[in-house]
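# Remarks on the overall topology
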Amino acid sequence: MSKTVECFYTLSSPWMYLGGKQLSDIIKRHGANLVLRPYDFRLVVPHTGGIALRTRPEPRQDYHALELDRWALHLGIPVKLKPKHYPPSDQRQAGHMVMAAAARGMDAMRLSHALLTALWLEDRDIADPRTRVAIAEEQGMPGESLHREEESASIQAEFDRNNRDAIARGVFGAPTYVCDDLFLWGQDRLFFLDKYLSGQPVQSGPVKTIAKTRAR
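Let us look at the structure shown here. (Residues numbered from 1 in each chain as written. Predicted model: local features only at pLDDT ≥ 70, side-chain atom pairs only at ≥ 80, totals over all residues. Heavy atoms only, no water.)

### Looking at the sheet that holds strand S1 (residues 4–9)
- Taking strand neighbours across the sheet as the criterion, the 4 strands line up as S2-S1-S3-S4 in an open arrangement whose pairing is mixed. Either end of the sheet is taken by a strand with one partner, and the two such strands are strand S2 (33–38) and strand S4 (182–185). Along the sheet, successive strands turn relative to each other by an average axial angle of 20°, direction set aside.
- The pairing of S1 with S2 spans 6 bridges and is classified as parallel. Within S2, the position partnered with Tyr 9 by the bridge is Pro 38.
- Sheet strands touched by helix H1 (residues 14–30): S1, S2 and strand S3 (176–179). Its angle to S1, the strand with the most contacts, is close to 175°. (Pairing = 2+ DSSP bridges. Helix = DSSP H or I, 4+ residues; strand = E, 2+ residues; numbered from the N terminus. Axes fitted to C-alpha atoms, helices over the stretch in contact; angles between N-to-C directions. Contact = heavy atoms within 4.5 Å.)

### Points about the environment of Pro 87
- Looking at where Pro 87 falls in the secondary structure, it is placed in the loop between helix H3 (58–75) and helix H4 (92–103).
- Judged by relative accessible area, Pro 87 falls into the partly exposed class, the value being 43%.
- Measuring from C-alpha to C-alpha, the distance between Pro 87 and Ser 12 comes to 6.8 Å, with 75 residues separating the pair along the chain. (Buried < 20%, exposed > 50% of the residue type's maximum accessible area, 1.4 Å probe, protein only.)

### Section: the pattern of salt bridges
- Following the criterion strictly, the structure yields 17 salt bridges and no others.
- One salt bridge connects Asp 194 with Arg 29, and the closest N-O pair in it is separated by 2.8 Å. Taken together, the positions of Asp 194 in helix H9 (residues 190–197) and Arg 29 in helix H1 put the pair 165 residues apart, joining distant regions of the chain.
- Overlapping salt bridges, with partners in common, bring together Glu 6, Arg 37, Asp 165 and Arg 169 in one network. (Salt bridge = Lys/Arg side-chain N within 4 Å of Asp/Glu carboxyl O.)

### Some details on the state of the cysteines
- The final tally for this structure, using the stated rule, is 0 disulfides.
- The closest cysteine sulfur to the non-disulfide-bonded Cys 7 is located on Cys 179, 12 Å from its own sulfur.
- On the basis of relative accessible area, Cys 7 is assigned to the buried category, the value being 0%. (Disulfide = S-S within 2.5 Å.)

### Details of the packing of aromatic side chains
- Inspection of the entire model under this criterion finds 4 aromatic pairs.
- For the pair Phe 172 and Trp 185, a centre-to-centre distance of 4.9 Å together with 65° between the ring planes defines the contact as edge-to-face. Here Trp 185 lies in strand S4 and Phe 172 lies in the loop between helix H8 (153–169) and S3, a separation of 13 residues in the sequence.
- Taking relative accessible area as the criterion, Trp 185 reaches 38% and is therefore assigned partly exposed. (Phe/Tyr/Trp six-rings, centres within 6.5 Å; stacked < 30°, edge-to-face > 60°.)

### What to know about the pairing of S3
- Both faces of S3 are covered, namely the face carrying Thr 176 and Val 178 and the face carrying Tyr 177 and Cys 179.
- Sheet analysis places S1 next to S3, joined by 3 bridges and oriented antiparallel. What sits directly across from Glu 6, in S3, is Val 178.
- Bridging between S3 and S4 involves 4 bridges; their strand directions are antiparallel. Paired with Cys 179 across the bridge in S4 is Leu 182.
- From the end of S3 to the start of S4, which pair antiparallel, there are 2 residues, and Asp 180 there has a positive phi angle of about 55°.

So, in structure tokens, the structure goes:
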């Protein structure tokens, strides 16, 4: 039976942008199912301990830029360290569009990556609905129709579920990957997902079981 990998992330995450192709390759290679679960970072992280980049002390912001540059060079993926529209005024609607595409059985991951590329490489404003419509249509998808569905009751309900589940599971950063008892934060941990889907052990048990064992 194929595994299901849930990806909790935001449509403003540079790490989802850098790790997108690797994630897609891992999913395809192992025949796994990928469920994209965009969430509201500002709503979730006060409950789980995450810290928005622009509220971190300057040394941490500087190190974030260094890490972003190093990983971009390592992966051979171009990125603008200070894109014109980061952070977007609101990234939630872009997440809603991705969810609407998934609900229609479209290639939501392709649309997601196109939106992230627009933000992190092309200096396009994904908070602008006209930009999102154009990006979707560039991917051969019905941009206007997907835009109309962004605020539909079904998409809103699903987005609310994503937020509740992110809080319940302790998601504090983006992207976070969940598969069975495997919980991984960050694209630099994707090799653990690859190993896990290959049937190799990557941890000694569920997170809570491990924590209780080490606390004794």
